Amino acid sequence: MPLLRPLTLIRRSGTRMYGAFHDTLDQLTGIEKRELLAHLAGDCDPFRMMSIKKGPGTWECPNLIPSAFNKRLVGCVCFPETNHIEYMWLHKGIPKRCGCGYWFELCPIAPL
């Protein structure tokens, strides 16, 4: 088993440089980096995957579902005492009514 050594001083052509690891944020790229930056900014759900509490859900004031795309699959738990989830596709600009009577509509947001 190799022994772990403490960080040592490395000398290169007269300049001092300490051997250390890079920061995690410097190592990440792409979607992982954007996700970490969203978490650091305080957004605990950057992909909008957590459940949303139902509001009034009427035709005049539908439940707004955030989406960065033109359509999204949404699951509605119509009655809390059942284990059945009613799934439906929501399209941008078209409100849709679930079987339980609640109305839903997509709310456009900026992509991550």
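Just so we're clear, the structure is a prediction, and the values are computed from it rather than from any experiment.

A. Main features of the nonpolar core. Ile65, Val74, Cys76, Cys78, Met88, Leu90, Cys98, Phe104 and Leu106 form the largest nonpolar core, which has nine residues in total. Elements that contribute at least two residues to this core include exactly strand 4 (71-76), strand 5 (86-91) and strand 7 (103-108). Contacts of phenylalanine 104, omitting those with residues within four sequence positions, involve Lys54, Pro62, Asn63, Ile65, Cys76, Met88, Leu90, Ile94, Pro95, Lys96 and Cys98.

B. Spatial organisation of the sheet that holds strand 6 (residues 96-97). Strand order in this open sheet of three strands is 3-7-6, and the pairing throughout is mixed. Sheet topology places strand 3 (63-67) and strand 6 at the edges, where each strand pairs with a single neighbour. In terms of strand pairing, strand 6 meets strand 7 through two bridges, oriented antiparallel. Within the sheet, the bridge partner assigned to arginine 97 lies in strand 7 and is tryptophan 103.

Criteria and cut-off values
Residues numbered from 1 in each chain as written. Predicted model: local features only at pLDDT ≥ 70, side-chain atom pairs only at ≥ 80, totals over all residues. Heavy atoms only, no water. Core = buried A, V, L, I, M, F, W, Y, C linked by side-chain atoms within 4.5 Å. Buried < 20%, exposed > 50% of the residue type's maximum accessible area, 1.4 Å probe, protein only. Helix = DSSP H or I, 4+ residues; strand = E, 2+ residues; numbered from the N terminus. Contact = heavy atoms within 4.5 Å. Pairing = 2+ DSSP bridges.

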